[in-house]
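Residues per chain are reported as follows:
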Amino acid sequence: MSKDNQVLEEFTSKEYEHGWNVNLEADEAPKGLSEDIVRFISAKKNEPTWLLDWRLKAFRLWEKMKEPTWANVHYSKINYQDIIYYSAPKQKKSLTGLDEVDPELIKTFEKLGISITEQKRLTGVAVDAVIDSVSVATTFKSTLGELGIIFCSFSEAVKEHPELIRKYLGSVVPITDNYFAALNSAVFSDGSFCYIPKGVRCPMELSTYFRINAANTGQFERTLIIADEGAYVSYLEGCTAPMRDENQLHAAVVELYAMKDAEIKYSTVQNWYPGDKNGKGGIYNFVTKRGLCFGDHSKISWTQVETGSAITWKYPSCILKGDYSMGEFYSVAVTNNYQQADTGTKMIHIGKNTKSRIVSKGISAGKSQNSYRGQVHIMKRASNARNFSQCDSLLMGDQCGAHTFPYIDVENQTARIEHEATTSKIGEDQIFYCLQRGIDEEAAVALIVNGYAKEVLNQLPMEFAVEAQKLLALTLEGSVG
Amino acid sequence: MMLSIKNLQAKIGKKQILNGIDLQVNAGEVHAIMGPNGSGKSTLASVLAGREDYEVTEGEVLFNGKNLFDFEPSDRAAEGIFLAFQYPVEIPGVSTINFMKTAVNKIRQYRGQSPLDAVAFLQLMKEKMKLVEIDQSLLSRSLNEGFSGGEKKRNEIFQMAMLEPKLSILDETDSGLDIDALKIVANGVNSLRSKNNATIVVTHYQRLLDYIVPDFVHVLYKGKIVKSGTKELAKELEAKGYDWIKNEAALV
Amino acid sequence: MNTATETSLLKNIIASFNSTKSAEDILRQKAIELLEETGLPSAKSEEYKFTPITKILEKKINWTSTTPASSLSSINSFLIKDLAAYLVVLVNGKYSKELSKIGDLQNNLIITSFSEANASAKATIKSHLETVVKSEDSFALINNAFWQEGIFIQVLQNIIVEKPILVLHINDANQEQVISHTRLLVLLEKESQVSIIEKSESIGEQPCLHTFTEEIIVKESATFEYCKIQNDHGQIHQVSNTTILQATSSKVNTFTLTLDGKLIRNNLTIIIDGEQCESHFNGLYLLNGNTIADNHTVVDHQKPNSFSNELYKGIMDDNAKGVFNGKIYVRPNAQKTNAFQSNRNILMSESSTINTKPQLEIWADDVKCSHGCTTGQLDEEALFYLQARGIPHQSAKSMLLYAFALDVLASIKNENLKTYLDQLISERLHKNF
């Protein structure tokens, strides 16, 4: 037992690997939030009036709203006037190709493990990179363009495809949805936009990497993905941030819209800076993600591996409106040191014969608190709805906590709902079995934890699965000698 | 001398279980350790493998001339000690293949060898699979999860074949096996026997020893070896039962 | 977040309190002050999210602190057939000496109303009252402020009480509206054993509100069995706050059967304050008409090495609404806890609903905890199988429902009680095979 504690202790001593910052001369807005700042951001992006009006409406609503307190997380009050709401790496002109990208930026991405230049040669993934709220490079645009797929930064989409943005922006996550969604609607600076036309299967993984770089900066990106009838897309999102002593706010909104027979697979590997081992610093990750299965037989699948952030507040959800539509949520959330995660999903069954599946694996270590919060709601008209939920928690050490808050609301008698939850620890007999086969304790823990999370990791596209596995081990791992 | 145990005493909690064991095992030998329930057979196996629950209070164990107690459990495995568990542990989500790949390469690393790549590993695995008549589909499943008793034990022998230990300790490997499974397991063990390795078979019954024929048989009672002999001793035990030993021990 | 109506009900409650002499009682005064602070549950209150109790009471109940008399003459139809028991009867919140049958007690068992308790019992009551119940629930506070009568039961050390104690609450709203607030205080001394059945019945078409507060202290190695039967035919709204405090090596077995009433809210809290404890708590809610039944349970493991197991099942028909919330807390030092929970539901009609929230909160790592929850219809395969063997559809259905419901009775030991419960369940499920 004492040895286990020692190992755990050493795990907790692992420092954040992505903690460096790049010297990119930033183009910042002054601190604080007001109508003027909203106007500043909008002007900065040369936005049309309708979008400015939309932002202002969101801002006015936000001012009247209260920050939610129901989540099982505790943090000192955020001073929204002490945040910089816009920070762009300085660019002299709009870029036409990667060759023109600031070499410093390219280096940044290489350090992140995503080489944009590499991407030119690989055929696997198209990347949109967002640093401090501004999209800096999108790869594979022309290849995708031939299929009619639009994959670009959000600001570019506002210019090039205003009709799509105007129609779908806020259609899944309305301005009024919640405090952080309203805030995002007012001040979002960039993000990714993706449209897959009718009947097109996107031939490669689309990917966005987000990074917060400047100090005191909030990041408020917005992602909108539309899959038209019969379309398919698999989308990956990754994120990191430098080590900083103060907390930084990240309040993103992701909207997915799936038409008839369309399928969207959205995967996230979240590795924002979690704060140091005394709980100082780290990202406040307050994110609203929602998908609308609008058409019949549509499908939306969320997969997330959450290892970073000081606080995670995130419930990727599915509104199953179309008949026979399907929603999935696969999640691994790891918390260590003083991290707090309150994450889960909502499956709202509206259409007939809709199905949903929830697999959540929480792992708590150190002094962290890890909560699953989910809702399965079968509405009156949703005949023959099915849901299966499995929520497991693994505790490592006796100073952390694991919590499950599942809400199951059924208004239709034909529904079949199954929910199971278990809590366990890594068995000493499992560790000994590994040791006896020559596997050291650190590797044994990594092996067992990855096994525990396998059902979720299996959902990730190949490109991400390996990274996610390493990240899981890293978050819990130390330098056991 | 591969293994030399001198006056080994061990306890779990406050309960003394081993009361001075002496045992010598040379390369190429098969030793059977028999004894009634609670005599300390499994404890001996666990102490050699380094299970933390047991505290060694007295005595010395040399393995190839090195003090065994200087080594962590995983290093003992890398030094060449293999324990086939009486109750193999389930690890959900981890396939036997993945488990063995990790183990083989960790042990190679310990020995200063380069890791096996996927192709070489697969080749090794295929070769060993034949030896113990185990199906690859079983090895792709989560380790021991939902395995039958026979499958679990066969998986243990497969792992033994993969890791090529110097000293294998089979802890009640026959328990819960029907005769066909017993034969398959025994065939596996026999085909792995060589003049360079040794085996300790821990068992309650003589049955297994019909298939894995020992060079020496030791009877453990109340934490001590009270009688040693050849395979004939096992037959005698089968015929007379353990009471005979108990009575004899009581007289001493 | 209180709406205007909620505030007005609260105002009425406070005004009614201030107009009585209860206002002089410090404990009661404190409760009403706390209530004023806490307010009544609103639509946004997490704990009453699916049970709009304030809204309903505002509409149905005219708050007063006077209780009408009852003309009830016979209580035979409310009794449990063949059950030999100590009988305690309360009518409209008042203890009825005439209807109760306690008989002569040895001095190792005390059963008394608070009002008639002798000096030493009064002292025990005073020193234990409000020591166990939590003041988080608004209705626990209302009860603390307004309670009219209580029943005190004390079982002395090493005493095993053979006969169960039946506490019968009758609310007679034939003439006018009834508001009752009653308490139960049970003290099981070391190694004692008792079984208590609390049964609530209501009659009449006038609205009715009854708040219950039960405080049960189970000391070392004592065994407590508790059965609550809610079979009200009147227009009753009731909220009970039952809190059981378990000491080392104690055993608790509870069963709650909810059949009728307008709105039933049960807050059952088991605090495991010792090691090697065992708690089983089962519940069954068989609802029809417009009944809303809301079971909120908490098992709070505060010490290591204990075991708890919860099984609640429900069948909702017509416009009935079932609500279940089960919390398992395992506190930081409660290592080696085993805690299990299961909630299973069947919806029988188009407009029946269920809201369920099984909740685990674990702060210790070496524990085994799980919860499971299902909602569905009858197993079509099983139904078909029975029909294929010649059993008509209706019979097959009730047979399966009966089988679904019955296993929660497993923990009931008293045969006569079990037969009675079985009969109530059979009737409700139209068992005709």
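All values derive from a computational prediction rather than experimental measurement.

A. Region of the structure containing the sheet that holds strand 2 (residues 15–25) of chain B. All names here are of chain B. Pairing is antiparallel across the open sheet formed by four strands, whose spatial order is 2-1-4-5. With one partner strand each, in any of the chains shown, strand 2 and strand 5 (66–67) form the two edges of the open sheet. Against the sheet, helix 1 (residues 41–49) touches strand 1 (3–12), strand 2 and strand 4 (54–63), its axis set at about 105° to strand 1.

B. Representation of the side chain of Thr51(C) in the model. Its place among the elements puts Thr51(C) in the loop between helix 2 (26–38) and helix 3 (53–60). Discounting chain neighbours no more than four positions away, the residues touching Thr51(C) are Leu263(C), Ile292(C), Asp294(C) and Val323(C).

C. Broad picture of the interface of chain C and chain A. Of the residues lining the interface, 37 residues belong to chain C; the matching set on chain A comes to 32 residues. For the pairing of chain C and chain A, the buried interface totals around 2,800 Å² over both sides, and the portion due to carbon and sulfur atoms is 47%. Between the two partners, chain C and chain A, sit zero salt bridges. Inspection of the region where chain C meets chain A yields 16 residue pairs in polar contact (both at pLDDT 80 or more). Of all elements in the fold, only strand 18 (353–362) and strand 19 (368–376) of chain C reach the threshold of two or more residues within the side of chain C that touches chain A.

D. Fine view of the interface of chain A and chain B. Every contact between the two is made by 19 residues of chain A and, on the other side, 32 residues of chain B. Of the roughly 2,200 Å² buried between chain A and chain B, counting both surfaces, carbon and sulfur atoms make up 63%. Ranking the residues of chain A by area buried against chain B places Phe432(A), Tyr433(A) and Arg437(A) at the top, with a combined share of 35%. At the surface where chain A touches chain B, the tally comes to two salt bridges. The partner of Lys106(B) in a salt bridge is Asp440(A), and the shortest N-O contact between them spans 3.0 Å. The tally of links from chain A across to chain B stands at ten residue pairs in polar contact (both at pLDDT 80 or more). Counting residues per element, the ones that place at least two in the side of chain A that touches chain B are helix 10 (428–436) and helix 11 (441–452) of chain A.

E. Broad picture of the packing of aromatic side chains. One pass over the structure, following the stated rule, counts 34 aromatic pairs over all chains. With a centroid separation of 5.9 Å and an interplanar angle of 40°, the aromatic rings of Tyr284(A) and Phe286(A) are classed as tilted. No difference in accessibility class separates Tyr284(A) from Phe286(A), as the two residues are buried. On the basis of an interplanar angle of 65° and a centroid distance of 5.7 Å, the ring pair of Trp63(C) and Phe146(C) is categorised as edge-to-face. With Trp63(C) in the loop between helix 3 and strand 1 (86–91) and Phe146(C) in helix 5 (residues 138–146), the pair connects residues that are 83 residues apart, well separated along the chain. Each member of the pair, Trp63(C) as well as Phe146(C), is classed as buried. Among the aromatic residues, those joined into a ring-pair cluster are Phe59(A), Trp62(A), Trp70(A), Tyr75(A), Tyr80(A), Tyr179(A), Phe180(A), Tyr284(A), Phe286(A), Trp313(A) and Tyr315(A).

F. Representation of the packing of helix 3 (residues 96–110) of chain B against helix 6 (residues 149–163) of chain B in the model. All names here are of chain B. One can describe the packing of helix 3 onto helix 6 by two numbers: an axis separation of 10 Å at closest approach and a directional angle of 30°. Between helix 3 and helix 6, the interaxial angle falls into the category roughly parallel. Between helix 3 and helix 6 the crossing geometry is right-handed. Along the contact surface, helix 3 presents Thr-96, Phe-99, Met-100, Ala-103, Val-104 and Ile-107, while helix 6 presents Asn-155, Phe-158, Gln-159, Met-162 and Leu-163. For the contact of helix 3 with helix 6, the per-class residue count stands at eight nonpolar, three polar and no charged.

G. Representation of helix 7 (residues 179–192) of chain B in the model. Residues and elements named next belong to chain B. For helix 7, which comprises 14 residues, the first-to-last C-alpha distance of 20 Å matches the rise-based estimate of 20 Å (1.5 Å per residue) to within 8%. Those residues of helix 7 that sit buried are Ala-181, Leu-182, Ile-184, Val-185, Ala-186, Gly-188, Val-189 and Leu-192. Buried residues in helix 7 make contact with helix 4 (118–132), helix 6 and strand 9 (167–171). Capping the start of helix 7 is the job of one residue whose side-chain oxygen sits 3.2 Å from the backbone nitrogen of Asp-180: Asp-178.

H. Structural context of the sheet that holds strand 9 of chain B. Residue and element names in this part refer to chain B. Pairing within the open sheet is mixed, and its six strands lie in the order 6-9-10-3-11-12. The two strands at the open ends of the sheet, each matched to only one other strand, are strand 6 (81–84) and strand 12 (224–229). Going across the sheet, the axis of each strand differs from the next one's by a mean of 20°, ignoring polarity. Two elements, strand 3 (residues 30–34) and strand 10 (residues 198–203), share five bridges in a ladder whose sense is parallel. The residue bridging Ile-33 from the neighbouring strand is Val-202, located in strand 10. Across the sheet, helix 8 (residues 231–240) touches strand 3, strand 11 (216–221) and strand 12, and the angle it forms with strand 11 is around 45°.

I. Examining helix 9 (residues 179–187) of chain A more closely. Residue and element names in this part refer to chain A. Judged by how many residues are buried, helix 9 sits mostly within the fold: nine of nine residues are covered. Every buried residue of helix 9 is accounted for by Tyr-179, Phe-180, Ala-181, Ala-182, Leu-183, Asn-184, Ser-185, Ala-186 and Val-187. Between the side-chain oxygen at the start of helix 9 and the backbone nitrogen of Phe-180 there is a gap of 2.8 Å, and the oxygen is on Asn-178.

J. Inspection of the domain arrangement of chain C at higher detail. Residues and elements named next belong to chain C. Structurally, chain C comprises domain 1 (3–273) and domain 2 (380–433). The straight-line distance from the C-alpha centre of domain 1 to that of domain 2 is 31 Å. For the pair domain 1 and domain 2, the two sides together bury roughly 1,200 Å², of which 63% comes from carbon and sulfur. Area buried by domain 1 at its contact with domain 2 is led by Asn-253, Phe-255 and Leu-259, which between them contribute 35% of it. If you look at where domain 1 meets domain 2, you find two salt bridges. With its nearest N and O atoms 2.8 Å apart, the salt bridge here joins Arg-428 to Asp-260. At the boundary of domain 1 with domain 2, the tally comes to five residue pairs in polar contact (both at pLDDT 80 or more). Broken down by secondary-structure element, the contributors of at least two residues to the side of domain 1 that touches domain 2 are strand 7 (193–203), strand 9 (223–231) and strand 11 (251–260).

K. Highlighting unusual backbone geometry. All names here are of chain C. Unlike most non-glycine residues, Asp-318 shows phi in positive territory, near 50°. Its place among the elements puts Asp-318 in the loop between strand 15 (307–316) and strand 16 (321–330). With relative accessibility at 36%, the residue Asp-318 sits in the partly exposed group. Here Lys-336, not a glycine, exhibits a phi torsion of approximately 60°, which is positive. Along the chain, Lys-336 falls in the loop between strand 16 and strand 17 (338–347). Using a relative accessible area of 49% as the deciding quantity, one classes Lys-336 as partly exposed.

L. Focus on the pattern of salt bridges. Following the criterion strictly, the structure yields 39 salt bridges over all chains and no others. A salt bridge links Asp82(A) to Lys31(A); the nearest nitrogen and oxygen atoms lie 3.2 Å apart. Of this pair, Asp82(A) sits in the loop between helix 3 (49–64) and strand 2 (87–89) while Lys31(A) sits in the loop between strand 1 (26–28) and helix 2 (35–44), and the two are 51 residues apart along the sequence. When the shortest N-O distance is used, the salt bridge between Lys357(C) and Glu46(C) registers 2.9 Å. Note that Lys357(C) is positioned in strand 18 and Glu46(C) in the loop between helix 2 and helix 3, a separation of 311 residues in sequence. Residue classification places Lys357(C) among the buried positions, given a relative accessible area of 6%. Note on Glu46(C): relative accessible area 33%, which makes it partly exposed. Each of the salt bridges in this network shares a partner with another, and the network as a whole consists of Glu35(A), Arg39(A) and Arg60(A).

M. Focus on the packing of helix 10 of chain A against helix 11 of chain A. All names here are of chain A. At a minimum axis separation of 9 Å, helix 10 and helix 11 run at an interaxial angle of 125°. Classified by the angle between their axes, helix 10 and helix 11 sit oblique to one another. For the pair helix 10 and helix 11, the sense of crossing is right-handed. Together, Gln-430, Ile-431, Cys-434 and Leu-435 of helix 10 and Glu-441, Ala-444, Val-445, Leu-447 and Ile-448 of helix 11 make up the contact between the two elements. Residue composition of the contact of helix 10 with helix 11, grouped by class: seven nonpolar, one polar and one charged.

N. Expanded view of the environment of Asp232(C). Residue and element names in this part refer to chain C. On the secondary structure map, Asp-232 appears in the loop between strand 9 and strand 10 (235–246). Exposure remark for Asp-232: the relative accessible area of 1% places this residue in the buried category. Sequence separation of Asp-232 and Lys-44 is 188 residues, and the distance between their C-alpha atoms is 29 Å.

Reading the values: rules and limits
Residues numbered from 1 in each chain as written. Chains lettered and ligands numbered in written order. Predicted model: local features only at pLDDT ≥ 70, side-chain atom pairs only at ≥ 80, totals over all residues. Heavy atoms only, no water. Pairing = 2+ DSSP bridges. Helix = DSSP H or I, 4+ residues; strand = E, 2+ residues; numbered from the N terminus. Contact = heavy atoms within 4.5 Å. Axes fitted to C-alpha atoms, helices over the stretch in contact; angles between N-to-C directions. Buried area = accessible area lost by both parts, 1.4 Å probe. Salt bridge = Lys/Arg side-chain N within 4 Å of Asp/Glu carboxyl O. Polar contact = N/O pair within 3.5 Å; in protein donor to acceptor, adjacent residues only side chain to side chain. Phe/Tyr/Trp six-rings, centres within 6.5 Å; stacked < 30°, edge-to-face > 60°. Buried < 20%, exposed > 50% of the residue type's maximum accessible area, 1.4 Å probe, protein only. Parallel < 35°, antiparallel > 145°, perpendicular 65-115°, else oblique. Left-handed = near helix turned anticlockwise from the far one by under 90°. Nonpolar A, V, L, I, M, F, W, Y, C, P; charged D, E, K, R; others polar. Expected span 1.5 Å × (residues − 1). Domains from an automatic or database assignment.

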